[in-house]
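Structural overview for review
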There are 4 protein chains.
Amino acid sequence: MTKIKGKKIKLGIVGGGSGSWIGHVHRIAARFDDQYEIVSGVFSRNPKTSSKFGQSLGINKDRCYSDYKKMANIEAKRTDGINVVAIMTPPGSHQIIAETFINKNINIISDKPFAGNLKQAKSLFKKIKSNKKIKYTLTHNYSAYPMVREAKDLVLKGKIGKINFINVEYVQDWADGNRITKNNSKKILSWKLQKNIVGTSSVLNEIGSHAYHLAIYISGLKAKSIFADIKQVSKKVKMDDNAQVMINFNNDAKGILWTSVSAKGGVYGLRIRLFGEKGSLEWVQNDPGYLKLNPAKKASRLLERGFHEAKFSKNFSRIKYGHPEGYLDAFANIYREFAKSLKNKSGYKYVYPNEDEGLETAKFIEACTVSSKRKRWVKL
Amino acid sequence: MTKIKGKKIKLGIVGGGSGSWIGHVHRIAARFDDQYEIVSGVFSRNPKTSSKFGQSLGINKDRCYSDYKKMANIEAKRTDGINVVAIMTPPGSHQIIAETFINKNINIISDKPFAGNLKQAKSLFKKIKSNKKIKYTLTHNYSAYPMVREAKDLVLKGKIGKINFINVEYVQDWADGNRITKNNSKKILSWKLQKNIVGTSSVLNEIGSHAYHLAIYISGLKAKSIFADIKQVSKKVKMDDNAQVMINFNNDAKGILWTSVSAKGGVYGLRIRLFGEKGSLEWVQNDPGYLKLNPAKKASRLLERGFHEAKFSKNFSRIKYGHPEGYLDAFANIYREFAKSLKNKSGYKYVYPNEDEGLETAKFIEACTVSSKRKRWVKL
Amino acid sequence: MTKIKGKKIKLGIVGGGSGSWIGHVHRIAARFDDQYEIVSGVFSRNPKTSSKFGQSLGINKDRCYSDYKKMANIEAKRTDGINVVAIMTPPGSHQIIAETFINKNINIISDKPFAGNLKQAKSLFKKIKSNKKIKYTLTHNYSAYPMVREAKDLVLKGKIGKINFINVEYVQDWADGNRITKNNSKKILSWKLQKNIVGTSSVLNEIGSHAYHLAIYISGLKAKSIFADIKQVSKKVKMDDNAQVMINFNNDAKGILWTSVSAKGGVYGLRIRLFGEKGSLEWVQNDPGYLKLNPAKKASRLLERGFHEAKFSKNFSRIKYGHPEGYLDAFANIYREFAKSLKNKSGYKYVYPNEDEGLETAKFIEACTVSSKRKRWVKL
Amino acid sequence: MTKIKGKKIKLGIVGGGSGSWIGHVHRIAARFDDQYEIVSGVFSRNPKTSSKFGQSLGINKDRCYSDYKKMANIEAKRTDGINVVAIMTPPGSHQIIAETFINKNINIISDKPFAGNLKQAKSLFKKIKSNKKIKYTLTHNYSAYPMVREAKDLVLKGKIGKINFINVEYVQDWADGNRITKNNSKKILSWKLQKNIVGTSSVLNEIGSHAYHLAIYISGLKAKSIFADIKQVSKKVKMDDNAQVMINFNNDAKGILWTSVSAKGGVYGLRIRLFGEKGSLEWVQNDPGYLKLNPAKKASRLLERGFHEAKFSKNFSRIKYGHPEGYLDAFANIYREFAKSLKNKSGYKYVYPNEDEGLETAKFIEACTVSSKRKRWVKL
């Protein structure tokens, strides 16, 4: 790994230009805990656009690039070169960009999904595993909410017993461009729902991957086989926007995953419930500081972040119980924990999402695509 | 139809003896609006038990029977004989009992499901349709909640546009005998999860039928084809206790139905969401007096029973907004509306569930059973 | 007490004529558990109106009266005369009517408030206490919700320790006639907000009395002194419609009571929270089947009616956990328990509200009126 | 005002040392939007402690002070001196520190309350108004939640009409040291509940000031007179920990404010409801991204941050609807808006809280103290 000098980790960015929402999010996350300094980046293929935006972030002109390969080459040679690159381009390019930087022994923070398709995923996975000098994290940010980690901890401690059923859903409403800002919706339509850019399946890559990751992260299970039904609901888009999947998990638990970007009036609903022999757990992103623990034969417990029965969650939190944390606080956890790892500080029990989870999710999406086409159960 | 004399309809009961929960429910429902008088019944195959319990309800000794055929024969001959029989025996006997009374021109209130299997359902359906002298209702009681009817009304009025997706679930926790009263749980295990008594599928007959009925009732749609995965989760029972179903509706909408009686810590959760081109609707039984209407581009509306924007619901309600109604009030709606129909009063727009919905539900359950076995999509 | 012959208690009614909401409620409550038979009543001062409505309820013509004194005299002489009279006239006449029937040794079910003012209340209290032959209950129906009784049980068991603070509110919106039915609103305006009919304070008599009763019922405490601010908010009415009260309880706990019938968009909200040394309890009528128990140092518990940690609530309930009960079920509890008491059956631990609570509430309202006028703390 | 050079505003800090929660919060808020650079500070009266902590934040050794006067003097003389000082010491010292920096023409960000008592408040208010070179903001952070600002906007637009009633409460549980970390609780006891350090009233200064500020901020009203009852509930503390206040607002609206730090099991509950002639609004901090608008005669609207009917809230937000924001995002709004103001950028309609609100709140607290002692209504 490139050696970290001084207090702050030197961060480069590929993607996330001026109109990008996720770029904005990554930058706030990087700043949150004062662990990173953004010193370099590619923000557009157009040199002027990239340079202008980079400089608005306080990056020196000579470290604003318009080509990620050039950036990797030059930064790798500088004595004050970047320690980490954060990649936030469309899914189909995650693999090729990550591999380029890995070849230069630069650590990776990648936006999800892991790769555009299973083939890419396998290549990237191999590349990461073969370079012991670098570390990799994938921003499956929902897994970094304190109460999601509390849920994982409770499962590990056996609080709900053997898991029998998982019901997870992530539904949004933007397929038709149903956003306030017209600019945004146009951008979404121009690439988020076009196959050549996104990869295998739009809705599964975009948000279904988060839902599946959340399920395997909390439960510690994996899909053994799946049956999927993927569909295009909106007539305004060029790709699938709704998917429902039945899952057989590797412990024989059953599951349902539903994801959609065409669920009008079902705005941004990420919700997971896990049912075990001793009780159930429920977490919803809209109320992220709480976790319902429903023991089979006792009253429902509403665990609150940082409050007595949810002590574990304090490790992944910054402010007191009673005051809400949100999406950015959780996203920043991944940056914070990756920083600790890079600095070789003792980490937490559950650290940042990695390439193992990335590959697993890619396999899942691939299997779904096959199953939906062939109308049969498919093994992973 | 047998002529109704006086103010109250003469009601006979088959089933629902001293330990029966649903018997208790039917009797309160019959009493609620002062439209029925319980005058006759079979409450056990044991004459003494039946007579003792019947008399405790205020029924004359000579009209307490232990054999439903005998009851049908004698009551049909009496000048003050019953106008209606309410059947609340296990599913497998609904058809044969109902047909017996239909043969005597006695109106029928039947507990769900319509019949124990599709063959029985077809026979009963034909019998009902062929006798113009009688009326039939099936106590799919959840459809009689005021805000469920408000939901149906909003769908009919086009408030959410063409429906694209339906997500319905009914999950309970009692497969392992997870009840407070040990007596109850034993009784449940002794027949509710035994195939010869229940019929095709335990969990689908018991509560899945309610979930499917709710979906088709509110949406006005029907399943065109389904893919089902039925499973036995609990090791303590002798039959399936968990089922998940993907549905293609006849307007090309997709859907997911999940039902379980083994969902520990997921107690009695009946919930339905319908997503259309213009927005979505959500209703949950635990909070039955409210209905969420989420327009695609407006703030979520929380409609309340009897309050301004939910005027339609007033027709199926007894008390003012602000004061909660519950399960029994809704159950009683079916008795009240059936009474109006029997008295030929002008009815409501959406009256009691009938044999058409019964047959439809039986087809659905049969298709699920076949699909789960053959692991393929099955047409209804 | 008049001897009860047969299974059903003979019930007479004074008030609750054809347009009356509360009359409708009382009659359903009386019917709910099959313990009463309505055989007599005064439903109007107009003989024809009273007779017509009484007969529509199935009462014999000769037992439909238009004068409660006459009814008391005649019924007391009949061998099949009423055992109980249910009084549901405006507050100002509760005392005089109740006393008339008590003089004839007829048991009383009275709608709240206990009396129109404190002077009436003291007279009635004395009359009840002095006649050992009769029993009296006051339909402070909210105290009969199963989870309210669970709350009282938890307080008695010390689950929240010594109580330090009580916050109770009952707010409605109808002062301006803000109801769907215009007929209703006119009626409300014609007497509910007129002092000579209602008694001391409109809003406190109408619904504030319920809020105060709920507080003292659950906590077991009483107000030692109060500071009140009573106001008329709506310009369309002729009486106060908003009251806020600070309370010092007899254990030195503090409290706030807020009640209004002019809180637009705050429809029918009855909510109570009790804070003690070990934790707090919260109950809201809109979600009546649940009770939040928040221990000081543990996760919040959501107790559900009839479910494991809320066993006590099963005693005051009819249907299984998971299925909601409502306002009518709770109202009927008072009728059911009064019936048990009249039949001398072994009762529950917490039976129906009685004259002690009635007098206490009358004292509270009187003190509030004085305090608001004099702008100082007033002792009870 | 000291001239701002470069992109970032130079920020100095007084208070908020290593164990301070609020210091941590202020620093994240300052970092959030990349508008400030922390270059100087007093973090302890002990020079070594202050220097060590300051340097851990990346501050140069020579700009870590242990005396705020010295800091003001030196920084005012430097060409690269601080533009703004953020004060986060105990309440009683806010005034003297702020005045010292104002004298050096340094802008002020002050933690609440405005001052330790009314006398201090009046002095500080005068000082601020008399120096046209500086700007001042008070971190009444709850007013910076996007949906709180949406609420203010709706009130201004007349959506709920003339306000008749406000009910606001802020209740916490820590008086007895009821925190997870024992260290924290000790610190709290050592000064937060000691009169000489805190000022007039502990509970009103600490959190009651937030509740009152929220009420006047959203409503645009002020208290005309109040009646208060302040009490010490916990026996472990040395000062009041519970206060209830009745308010007459300057438009004749009534109100109740309740605040406590001894409400066990009522953790960190900040909630406000405003009732007007046309409907009501409700906001609770635990669910900060939503605002309930309950029109008098329509269904309740649940407005969501950034979603269609809550467009105004987008101005005070960073991420998309559907993804929760929290306490830190809101706190950072004040820093962000103050930065815009300092840079003379066009601001939002409702900018940061200022000295006018500070003085108003100080008057309120003073009046409460007097009223509680004299047991009578007190004018402001």
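Quick notes on the rules
Residues numbered from 1 in each chain as written. Chains lettered and ligands numbered in written order. Predicted model: local features only at pLDDT ≥ 70, side-chain atom pairs only at ≥ 80, totals over all residues. Helix = DSSP H or I, 4+ residues; strand = E, 2+ residues; numbered from the N terminus. Buried ≥ 20, exposed ≤ 12 C-beta atoms within 10 Å, placed from the backbone. Contact = placed C-beta atoms within 7 Å. Least-squares fit on C-alpha atoms with pLDDT ≥ 70 in both. Axes fitted to C-alpha atoms, helices over the stretch in contact; angles between N-to-C directions. Parallel < 35°, antiparallel > 145°, perpendicular 65-115°, else oblique. Left-handed = near helix turned anticlockwise from the far one by under 90°. Nonpolar A, V, L, I, M, F, W, Y, C, P; charged D, E, K, R; others polar. Pairing = 2+ DSSP bridges. Domains from an automatic or database assignment.

Looking only at helices and strands, one finds 11 helices and 15 strands in chain A. Oriented by its inertia axes, the alpha-carbon framework of chain A measures out at about 65 × 50 × 40 Å. Looking at chain A as a whole, 64% of its 380 residues are labelled buried. Nonlocal contacts in chain A, meaning residues at least 24 apart in sequence, comprise 70% of its contacts between residues at least 6 apart.

This part takes up helix H4 (residues 94-103) of chain D. All names here are of chain D. Those residues of H4 that sit buried are His 94, Gln 95, Ile 97, Ala 98, Phe 101 and Ile 102. Tucked into the core, H4 has its buried residues touching strand E1 (9-15), helix H3 (68-77), strand E4 (84-88), strand E5 (107-110) and helix H5 (118-130). Count one or two residues on from H4 and you reach Asn 105, which has phi positive near 60°.

The two copies are related by a screw motion: chain B maps onto chain C through a turn of 180° and a shift of 0.0 Å along the axis, at an RMSD of 0.0 Å. As the rotation angle and translation indicate, the two copies are arranged about a two-fold axis. The C-alpha atom lying nearest the rotation axis in chain B is that of Gly326(B); the distance is 2.4 Å. A symmetric contact is evident, with 100% of the interface residues of chain B recurring at the interface of chain C.

Further remarks concern the packing of helix H9 (residues 202-219) of chain A against helix H11 (residues 355-374) of chain A. All names here are of chain A. For the pair H9 and H11, the least separation of the axes is 10 Å and the interaxial angle reads 120°. By the angle between their axes, H9 is oblique relative to H11. Between H9 and H11 the crossing geometry is right-handed. Counting all contacts with H9, which are made through Leu 204, Asn 205, Ser 209, Tyr 212, His 213, Ile 216 and Tyr 217, the residues of H11 involved are Glu 357, Glu 360, Thr 361, Phe 364, Ile 365 and Cys 368. Of the residues belonging to the contact of H9 with H11, the class tally is 7 nonpolar, 4 polar and 2 charged.

Here the focus is the interface of chain B and chain C. Opposite the 31 residues of chain B that make contact, chain C presents 31 residues. Considering only residue class, the side of chain B that touches chain C consists of 14 nonpolar, 8 polar and 9 charged.

What follows covers the environment of Asn46(D). Within the fold, Asn46(D) resides in the loop between strand E2 (36-42) and helix H2 (47-56). For the pair Asn46(D) and Val14(D), spaced 32 residues apart in sequence, the C-alpha separation works out to 13 Å.

What follows covers helix H6 (residues 146-156) of chain C. Owing to its 3.6 residues per turn, the α-helix aligns residues three or four sequence positions apart on the same side. Residues and elements named next belong to chain C. Among the 11 residues that make up H6, 9 are buried, leaving the element largely enclosed by the rest of the structure. Here H6 has its buried residues at Pro 146, Met 147, Val 148, Arg 149, Glu 150, Ala 151, Lys 152, Leu 154 and Val 155. Turning to H6, the residues buried within the fold contact helix H9 (202-219), strand E11 (269-276), strand E12 (279-284), strand E13 (290-295) and strand E14 (300-304). Phi turns positive one or two residues past the end of H6, at Gly 158, with a value near 80°.

Superposing chain B onto chain A takes a rotation of 180° combined with a translation of 0.0 Å along the rotation axis, leaving an RMSD of 0.0 Å. With an isologous cut-off of 70% or more, the 100% of interface residues of chain B that recur at the interface of chain A puts this contact in the isologous class.

Turning next to the sheet that holds strand E5 (residues 107-110) of chain A. Residues and elements named next belong to chain A. Taken in spatial order, the 6 strands of this open sheet run E3-E2-E1-E4-E5-E6, and their pairing is parallel. The open sheet has two free edges, formed respectively by strand E3 (64-65) and strand E6 (136-138), since each of these has just one partner strand. The pairing of E5 with E6 spans 3 bridges and is parallel. Residue pairing in the sheet places Ile 108 in a bridge with Tyr 136 of E6. Contacts from helix H4 (residues 94-103) reach strand E1 (9-15), strand E4 (84-88) and E5, with the element oriented near 160° to E5.

What follows is about the domain arrangement of chain A. All names here are of chain A. Split into domains, chain A comes out as domain 1 (9-134) and domain 2 (143-317 + 355-379). Centre-to-centre separation of domain 1 and domain 2, based on C-alpha positions: 27 Å. Contacts between the two partners involve 14 residues from domain 1, matched on the other side by 16 residues from domain 2. Of the residues that constitute the side of domain 1 that touches domain 2, the class distribution is 9 nonpolar, 4 polar and 1 charged.

We now examine the interface of chain B and chain A. Taken together, the contact pairs 34 residues of chain B with 34 residues of chain A. Secondary structure elements with two or more residues in the side of chain B that touches chain A: strand E7 (163-171), strand E8 (223-231), strand E9 (242-249), strand E10 (254-260), strand E11 (269-276), strand E12 (279-284) and strand E13 (290-295) of chain B. A per-class count over the side of chain B that touches chain A returns 11 nonpolar, 13 polar and 10 charged.

Residues and elements named next belong to chain B. A sheet is described by the order of its strands in space; here 6 strands give the open sequence E3-E2-E1-E4-E5-E6, paired in parallel fashion. Whereas interior strands pair on both sides, the edge strands pair on one side only; in this sheet they are strand E3 (64-65) and strand E6 (136-138). Bridge analysis of strand E1 (residues 9-15) against strand E2 (residues 36-42) gives 6 bridges, and the strand direction is parallel. From the neighbouring strand, Gly 12 faces E2, where its bridge partner is Ser 40. Sheet strands touched by helix H1 (residues 21-32): E1, E2 and strand E4 (84-88). Its angle to E4, the strand with the most contacts, is close to 150°.

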